[in-house]
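Below are the chains, spelled out letter by letter.
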Amino acid sequence: MKKTDIKATITFSDGSPSVELPVYKGTVGPDAIDIRSLYNTNQKLCFDPGFMATASCESTITYIDGERGELMYRGYPIEQLAVKSDFMEVCHLLLRGELPNTVEKDAFIKELRQYSMVHEQMQFFFRGFRRDAHPMAVLVATVGALSAFYHDSRDVSDEEHRESSALRIVATMPTLVSMAYKYSIGQPFVYPRHELSYSANFLRMMFSTPMEDYKINDVLVRALDRIMILHADHEQNASTSTVRIAGSSGANPFACIAAGIASLWGPLHGGANEATLAMLQEIGTVDKVPEFIQHVKNRTGGVRLMGFGHRVYKNYDPRATLMRETCHEVLNELGLKDHPLFKVALEIEKYALDDDYFVARKLYPNVDYYSGIVQSALGIPTAMFTGLFAMARTVGWISQWKEMISDPEHRIARPRQLYTGAARRDVKPIGDR
Ligand code: CMC
């Protein structure tokens, strides 16, 4: 963070003294005014519900230019990472700061693999759930429970502990997500295999049974890997901020990731891919698109076009373009070129990009718009979509958590409020109320 010569001056019309505040510059992107001294010097707070103009931290991990529709992990554009690297390389990049060379990549994968199997006792933990429990509820609980199984790596002040819990959580997520699925359909859990790639291993744990091994298809494995890359990090979104806030108190990393999963579950965040597919299924056919768009514009029953719009992107989400490309590849590979929901999705996109309501509000498809169709073509059931998002985002969450803990400026997150409740009053005896 670079201090600049620029100063921001805030003046008040009530006679309070004006304040001069320092302004910082990032590598790219908007400058940030440092308001930390405002309360101590002037007893004034900043009001910013929903964090519309608040930089909650300094970070070197991910950069988004919402106006231009750009996303970079550690400076590398997502379009290049999606075609020139795989998810393991991206994990190395996010966790360790650089893309690995071949030797580093092999060593990283080896290190990660030792953590991929969960404690055998976790099976009994799973068995406590109803079979029809939502997989996200199961994930919140089982990821939180990891802290009860791996006490030995919970000291957040120890760098080695932080590193080993980071690797454990990234390596364990595919195992836990597939266990949540297997449990929901009453099939036996499938153990991870070291010789397979991250994505191939996950598909095998999801779809192998004791009667039949899953046949690995490289196009589908590559599609899953791309979903993982595109969802790996997205700077200070709701779930990442939740992880950072939970971690700011010194809470253990497994509990922090469980908090992130809970936040991701909501339909305005990670739950949007599930909601998008439900919406496409409800619309059903291309001829119903104009009527549905009209409902969205009239806000009938508060209906929104799921998979559209973003707090930061005011342009096409670059991840949506890559996901649409993957959607074409997967549907071609599976002989589903005429997939009815894909047709509906393309029609809605065409309609919305040409409609004043969406144009004026800068509403474009986001990453979740096409990812539901890809996932369902891979055989992933709708209820598992957000679980896959969580699996991909875990590396981003834990990288952000690690960055926060080692930032000397980090303090417990403690926002303030603008109180508008009752002024001081006295409690009357119950008979007089
Ligand atoms: N459909 C219809 N109208 C919308 C939509 C939408 N998807 N998104 C925003 N608007 C309208 C909204 O009604 C408002 O209109 P007006 O100014 O006339 O009241 C305007 O656009 C601004 O919306 P907002 O709710 O103030 O914007 P926000 O930045 O608070 O919300 C969002 C961002 C992503 C929650 C929202 O666009 C949304 O609900 N999208 C649908 C859910 C979705 O796809 N979420 C996935 C986000 S990407 C993956 C992730 O990060 O998790």
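Keep in mind that what you see is a predicted model, and the values were worked out from it rather than measured.

Engineer: Lay out the environment of P290 in plain terms, naming residues and giving numbers.
Structural biologist: Relative to the helices and strands, P290 resides in helix α13 (residues 289-298). Sequence separation between P290 and D355 is 65 residues, and the spatial gap between their C-alpha atoms is 11 Å.

Engineer: Run through the packing of aromatic side chains, naming residues and quoting values.
Structural biologist: Two aromatic rings are characterised by how far apart their centres lie and by the angle between their planes. Inspection of every chain in the model, using the stated rule, returns twelve aromatic pairs. Pairing F308 with Y369 gives two aromatic rings, centres 5.1 Å apart and planes at 90°, and the pair type is edge-to-face. Highlighted residues: F308 in the loop between α13 and α14 (318-333) and Y369 in helix α17 (residues 368-377), separated in sequence by 61 residues. With respect to burial, F308 and Y369 carry one shared label: buried. With centroids separated by 4.9 Å and ring planes inclined at 70°, the aromatic side chains of Y357 and F358 adopt a geometry described as edge-to-face. Under the relative-accessibility criterion, Y357 is labelled buried at 16%. In this structure F358 comes out as buried when scored by relative accessible area, which is 1%. Taken together, the ring pairs connect F308, F342, Y357, F358, Y369 and Y370 into an aromatic cluster. Cation over ring: R168 sits above Y150, and NZ or CZ is 3.6 Å from the ring centre.

Engineer: Go over the state of the cysteines, please, and point to the residues and values.
Structural biologist: In protein chemistry, a disulfide is the covalent bond that joins the sulfur atoms of two cysteines. One pass over the structure, following the stated rule, counts zero disulfides. In this model C256 remains outside any disulfide bridge; the closest cysteine sulfur is found in C57, 14 Å from its own. C256 sits in the buried class, given a relative accessible area of 1%.

Engineer: Talk me through the packing of helix α6 (residues 135-149) against helix α7 (residues 159-185); I want residue IDs and the actual numbers.
Structural biologist: Helix packing for two helices is described by the angle between their axes and how far apart those axes are. Their axes nearest at 10 Å, the elements α6 and α7 cross at an angle of 140°. The angle between α6 and α7 falls in the class oblique. Crossing angle aside, the handedness with which α6 passes α7 is right-handed. For the pair α6 and α7, the contacting residues are P135, V138, L139, T142, V143 and L146 in the first and I169, T172, M173, L176, V177 and A180 in the second. Taken together, the residues that form the contact of α6 with α7 break down as ten nonpolar, two polar and no charged.

Engineer: With reference to specific residues and values, describe empty space enclosed by the protein.
Structural biologist: Scanning all chains against the criterion turns up three cavities of 30 Å³ or more. Size it by volume and the largest cavity reaches roughly 80 Å³. Taken together, M117, V118, H119, E120, Q123, T175, M179, F189, V190, Y191 and P192 make up the full set of residues lining the largest cavity. The residue makeup of the lining of the largest cavity, split by class, is seven nonpolar, three polar and one charged.

Engineer: Give me the lowdown on the nonpolar core, citing residues and values where you can.
Structural biologist: In terms of nonpolar packing, the biggest core is built from 114 residues, with L305 and I348 touching the most fellow members. Excluding its chain neighbours within four sequence positions, the residues that come into contact with L305 are M279, F292, I293, V296, I348, A352 and F358.

Engineer: Could you give me a rundown of the site of the ligand, with the residues and numbers involved?
Structural biologist: Not every one of the 20 residues close to the ligand is listed here, only the nearest: H269, R299, R304, L305 and R311. Here an oxygen atom of the ligand sits 2.7 Å away from a polar atom, N or O, in the side chain of R304. The backbone of L305 places a nitrogen or oxygen atom 2.8 Å from a nitrogen atom of the ligand. Tallied by class, residues from the shell around the ligand come to nine nonpolar, six polar and five charged.

Engineer: I'd like a rundown of the sheet that holds strand β2 (residues 19-25), residues and numbers included.
Structural biologist: Pairing in this open sheet of three strands is antiparallel, and the strands run β1-β2-β3 from one edge to the other. Where the open sheet ends on each side, the last strands, each with one partner, are β1 (2-10) and β3 (32-33). Bridging between β2 and β3 involves two bridges; their strand directions are antiparallel. By the bridge assignment, V23 is partnered in β3 with I33.

Engineer: Pulling in residues and values, what's your account of the layout of surface pockets?
Structural biologist: Put simply, the second largest pocket is a space of about 340 Å³. Lining the second largest pocket are 23 residues, with M88, L196, S197, Y198 and S199 sitting closest to its centre. Listing elements by their share of the lining of the second largest pocket, those giving two or more residues are α3 (87-96), α4 (102-113), α7, α8 (198-207) and α9 (218-231). Split by residue class, the lining of the second largest pocket holds eleven nonpolar, six polar and six charged.

Engineer: Outline the sheet that holds strand β5 (residues 70-73), listing residues and values.
Structural biologist: Pairing within the open sheet is antiparallel, and its three strands lie in the order β4-β5-β6. Two strands in the sheet have a free side with no partner beyond their single neighbour: β4 (62-65) and β6 (76-77).

So, how was this worked out
Residues numbered from 1 in each chain as written. Predicted model: local features only at pLDDT ≥ 70, side-chain atom pairs only at ≥ 80, totals over all residues. Heavy atoms only, no water. Helix = DSSP H or I, 4+ residues; strand = E, 2+ residues; numbered from the N terminus. Phe/Tyr/Trp six-rings, centres within 6.5 Å; stacked < 30°, edge-to-face > 60°. Buried < 20%, exposed > 50% of the residue type's maximum accessible area, 1.4 Å probe, protein only. Lys NZ or Arg CZ within 6 Å of the ring centre and 35° of its normal. Disulfide = S-S within 2.5 Å. Axes fitted to C-alpha atoms, helices over the stretch in contact; angles between N-to-C directions. Parallel < 35°, antiparallel > 145°, perpendicular 65-115°, else oblique. Left-handed = near helix turned anticlockwise from the far one by under 90°. Contact = heavy atoms within 4.5 Å. Nonpolar A, V, L, I, M, F, W, Y, C, P; charged D, E, K, R; others polar. 1 Å grid on protein atoms, 1.4 Å probe; cavity = no way out; pocket = protein on both sides within 12 Å on 5 of 7 lines; lining within 4 Å. Points joined across faces, edges and corners; volume = space filled by probe spheres on them. Core = buried A, V, L, I, M, F, W, Y, C linked by side-chain atoms within 4.5 Å. Near = heavy atom within 4 Å. Polar contact = N/O pair within 3.5 Å; in protein donor to acceptor, adjacent residues only side chain to side chain. Pairing = 2+ DSSP bridges.

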